[in-house]
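Spelled out from the first residue to the last, the chains are:
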Amino acid sequence: MKKITPILFLIILAVTVTACIKQNFPDQKPETKSKLEDAKIPDGFNWSTAKTIDVVITGLPTIITIKNTLTISISDGTKLYTALHDMSQSLNLKLSVPSTINEVRFKYGSTDKVLPIVNGKAEHSFIPVLTDEE
Amino acid sequence: MKKISLFLGIVLFSSVTVYSQQLTLNAESGNRAIEVANCWQFAGQTYTSAASERISGSFSLISGQMNSFSLTNSYVKTPWMKVGAGNITFQTKLGNQPSTVARGLRVSYIAYNAASPSTGFESSPVVFYTYDYTLLDFNVINFSVPIPVSIQNSTTLYKIMVSYVGQGGSGKVFSDNYVFPGTYWSNPANSCNPLPLVAPLDSDGDGVIDSEDEYPNDPTRAYNTYFPTQTQFGTLAFEDNWPTKGDYDFNDVVIDYNFKTVTNAAGNVVEIVSAFILRASGANYNNGFGFSLDGIASNKISKVEGNSPGSFASAVNGVEFGQTTATFIVFDNYFRIMPKPGTGVGVNTEKLAPFVMPINMLMTIKFIENGTPPPGGVVHISQLNQSVFNYFIVVNGTRGREVHMPDRVPTALASMSLLGTGDDSSNPATARYYRTSGNLPWAINIVQGYQYTIERASIDLGYNYFIEWASSAGVLYPNWYMNLPGYRNSEKIY
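No experiment lies behind these values; they were computed from the predicted model shown. Position numbers for residues start from 1 in each chain and track the written sequence from start to end. Chain labels run from A onward and ligand labels from 1 onward, assigned in the order the entries are written. Local features in this predicted model are restricted to residues whose pLDDT is 70 or higher, and side-chain atom pairs enter the listing and the counts only when it is 80 or higher, whereas totals over whole chains, interfaces and linings include all residues.

Caption draft 1: Layout of the overall build of chain A. A tally of regular secondary structure across chain A gives one helix and seven strands. What counts as a helix is a DSSP run of H or I of at least four residues, what counts as a strand is a run of E of at least two, and both are numbered from the N terminus. When its helices and strands are written in sequence order, chain A yields α-β-β-β-β-β-β-β. When each of the 134 residues of chain A is scored for burial, the buried share is 27%. The long-range share in chain A, meaning contacts at least 24 apart out of those at least 6 apart in sequence, stands at 56%. Exposed residues have 12 or fewer other C-beta atoms within 10 Å of their own C-beta, buried residues have 20 or more, and partly exposed residues fall in between, where C-beta atoms are placed from the backbone. Here, residue contact means that the backbone-derived C-beta atoms of the two residues sit within 7 Å.

Laid out in structure tokens, this is it:
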């Protein structure tokens, strides 16, 4: 009993000391607290990575009815809108695109061009802007 | 304003019906660009509305200085046409400027030459009429120029050109009311090349030629469009503790989506093929999932196939029963479709829990079935952009407890009494829905697809720029979800 008591005392002492020392093992990292609840989020933010753009197409009064397939697509070729379109008709579309997209591709007959998205709008007119030579 | 004397015909690429019998040019559009777009050509010619210069109507043509005897210095040229018979008529008058230099006009025809694309398929002009003005005669002259017999009633194509020539000086010529007997045969949608002499093939006769028709042998279908892309899936991620805040791990329900919309030649929606991938549900609740098409009535749907509404009643046409807006329950209970593995929370949100293969679902919404529209009428593709898709979950089988994307309207079966309770600051009067007072959501939509965070790890702990993105209303770090250096904390991502 006399021999056990010192050993027992040492064991208790050792446990007590190590318990009081914070152990930072390599795979233990301090828990990070989310800051989401403190974030200042603007009203109206829709928490989506898409945006809605307006595509405005101005028709041309034609002499005869001209119909072709009109296609609006994005850079990877994905068609967002495709329909048989009368060239004399104007068209206003709302399309959803990924928020990182800043241009769309317009195809109608032999016209195949990129329309920049400016202030949420992409535009095309079948009536051209003439140069002085035309 | 004098009457615009244009004969309007109808051209279908599958059949020819009526063509224009004469081509007229009277400048009454007031915008030469319209005539140019319709394949008229001009050189040294503009439109004038000045009273002293007009011959009739509100506008006439005015030449520039006629300082050349070249046919191509100042002219009006028709589109490609099949020339008729009779006379070409038009009116001109000299500008009222004293001048003794010679001025005149020449009328020529230009044959179509398929072997000469460099000249716009035009052969050299052949002059068949010459007129030299009597100088200082400023009266209106009415011209009636016989069409040469050699090109009358042509089956091949020509342009007719009226050229204004002169020795120089400041004198100009006004002209108006051109009439060219014949048939318009140009295509303003194809660089003003001629219309095809043989109509392109349209096997199913729906008006869309085969080369543009994705269903060339099916008259009830024509085109496909996709969202987000033909092959890419977007991701919807929900918190199910609404109206109370959760842990913002946005993995209580995680569903990938892809839509293919099939339309017919008229642009009306035939069907939507909706592909869903059930990826995870870190939840104790048995949550359902569905979506509405805002602004689209339920009776514009013919049939729904492939969904699993379970305990939620369906109408005869497959939409959810009791909804006036077309609403679809994809499934009523996530775990009935994708059972839990038995350990851990839910399925596929804890790395140490068994992984369960995601479940694919394919749901088809038929609008027009076998060419027959539904009782409510057709839906045009222009009415169906992604912004009308209103996604929601139904929490733990309680039908009235819906969770939508921010500011999206609850369905008719939602319990409106839950709005504005707990942490929810919805206010229907201001169209504010499903936001906390600090504008935090219970659902997010990543159209590019994304990897969700592990159980109980707030999304901003996994994505280092998520808060910057949201705080800037999407301006900063619009690509926060991407696996770029420094963007992610992979320990927190499943």
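Caption draft 2: View of the overall build of chain B. A count of helical and extended segments in chain B gives four helices and 27 strands. Over its C-alpha trace chain B gives a radius of gyration of 34 Å, far above what one expects of a compact globule, namely 23 Å for 494 residues. The principal-axis extents of the C-alpha atoms in chain B amount to approximately 100 × 45 × 45 Å. Evaluated residue by residue, chain B yields a buried proportion of 45% over its 494 residues. Look at the contacts in chain B between residues 6 or more apart in sequence, and 69% of them connect residues 24 or more apart. For the radius of gyration, the atoms used are the C-alpha atoms, and the globule rule reads 2.2 Å times the number of residues raised to 0.38.

Caption draft 3: Molecular detail of the nonpolar core. Note on definitions: a nonpolar core is a set of buried residues drawn from Ala, Val, Leu, Ile, Met, Phe, Trp, Tyr and Cys, linked by C-beta atoms within 7 Å. Core analysis: the largest hydrophobic core is formed by 148 residues, its most contacted members being Met 81, Phe 238 and Val 403 of chain B. The split of the chain into domains comes from an automatic or database domain assignment. Taken domain by domain, this core gets at least three of its residues from each of domain 1 (10–194) and domain 2 (223–457) of chain B.

Caption draft 4: Summary view of the pairing of strand β3 (residues 79–86) of chain A. In terms of burial, β3 of chain A is a largely internal element, seven of the eight residues being buried. If DSSP finds at least two bridges between two strands, the strands pair. Counting the residues between successive antiparallel strands, the hairpin from strand β2 (residues 67–73) of chain A to β3 of chain A contains five residues, one of them, Gly 77 of chain A, with a positive phi of roughly 95°.

Caption draft 5: Spatial organisation of the sheet that holds strand β26 (residues 402–404) of chain B. Residues and elements named next belong to chain B. Strands sit in the order β23-β21-β25-β26 across an open sheet of four strands; the sheet is antiparallel. Bordering the open sheet on either side are β23 (325–331) and β26, each of which pairs with just one other strand. Strand-to-strand twist across the sheet, computed as the mean angle between neighbouring axes with direction ignored, equals 30°. Only the contacting stretch of a helix is used when fitting its axis, a line to C-alpha atoms as for every element, and angles between N-to-C directions run 0 to 180 degrees.

Caption draft 6: How the structure looks around the interface of chain A and chain B. Counting residues at the interface gives 52 residues for chain A, matched by 62 residues for chain B. Residue contributions to the side of chain A that touches chain B peak at six residues, all from β3 of chain A. Gly falls in the polar group here, along with every residue not listed as nonpolar (Ala, Val, Leu, Ile, Met, Phe, Trp, Tyr, Cys, Pro) or charged (Asp, Glu, Lys, Arg). When grouped by side-chain class, the residues that make up the side of chain A that touches chain B number 26 nonpolar, 17 polar and nine charged.

Caption draft 7: Summary view of unusual backbone geometry. All names here are of chain B. Residue Phe 227 is joined to Pro 228 through a cis peptide bond whose omega torsion reads -5°. Checked against the element boundaries, Pro 228 lands in the loop between β17 (223–227) and β18 (234–238). The phi dihedral of Asn 439 is positive, around 70°, even though this residue is not glycine. Tracing the backbone through its elements, the reader meets Asn 439 in the loop between β26 and β27 (443–446). By the C-beta count within 10 Å, which is 20 here, Asn 439 ends up buried.

Caption draft 8: Summary view of the domain arrangement of chain B. The domains assigned to chain B are domain 1 (10–194) and domain 2 (223–457). Just the C-alpha atoms count here: the centres of domain 1 of chain B and domain 2 of chain B sit 61 Å apart.

Caption draft 9: Quick look at the confidence of the model for chain B. Confidence scores per residue from the predictor, reported as pLDDT, run from 0 to 100. Taken over all residues, the pLDDT of chain B has a mean of 93, while the share at 70 or more is 95%. Note on residues 1–19 of chain B: pLDDT is under 50 here. Beyond four places in sequence and across chains, it has 41 contacts.

Caption draft 10: Here's a closer look at the environment of Phe 250 of chain B. Residues and elements named next belong to chain B. Its place among the elements puts Phe 250 in the loop between β18 and β19 (253–263). A count of 28 C-beta atoms within 10 Å places Phe 250 in the buried class. Considering only alpha carbons, one finds Phe 250 and Thr 453, 203 residues apart in sequence, at a separation of 7.4 Å. Among all residues touching Phe 250, those that are not within four sequence positions of it are Ala 237, Phe 238, Glu 239, Ile 444, Tyr 452 and Ile 459.

Caption draft 11: Seen up close, the sheet that holds strand β4 (residues 91–98) of chain A. Residues and elements named next belong to chain A. The strand order β4-β1-β7 describes an open sheet built from three strands, whose pairing is mixed. Looking at which strands have only one partner, the edges of the open sheet turn out to be β4 and β7 (121–125). Strand-to-strand twist of the sheet, defined as the mean angle between neighbouring strand axes without regard to direction, takes the value 20°.

Caption draft 12: Geometry of the pairing of strand β1 (residues 50–58) of chain A. With eight bridges joining them, β1 of chain A and β4 of chain A adopt antiparallel strand pairing. In the sheet register, Lys 51 of chain A faces β4 of chain A, and the bridge partner there is Val 97 of chain A.

Caption draft 13: Structural detail: the environment of Gly 109 of chain A. Here Gly 109 of chain A lies in the loop between β5 (103–108) and β6 (111–116). Assessed through the 19 C-beta atoms surrounding it within 10 Å, Gly 109 of chain A is described here as partly exposed. With residues near it in sequence (within four places) discarded, Gly 109 of chain A still touches Asn 68 of chain A together with Ala 189 and Asn 190 of chain B.

Caption draft 14: Summary view of the confidence of the model for chain A. Overall, the predicted model of chain A reaches an average pLDDT of 84, with 76% of residues at or above 70. Below a pLDDT of 50 lies the segment residues 19–30 of chain A, which in the model reaches zero contacts outside its immediate sequence neighbourhood of four places, other chains included.

Caption draft 15: Fine view of the environment of Leu 362 of chain B. By secondary structure assignment, the location of Leu 362 of chain B is in strand β24 (residues 359–366). Among all residues touching Leu 362 of chain B, those that are not within four sequence positions of it are Val 273, Ala 275 and Gly 306 of chain B.

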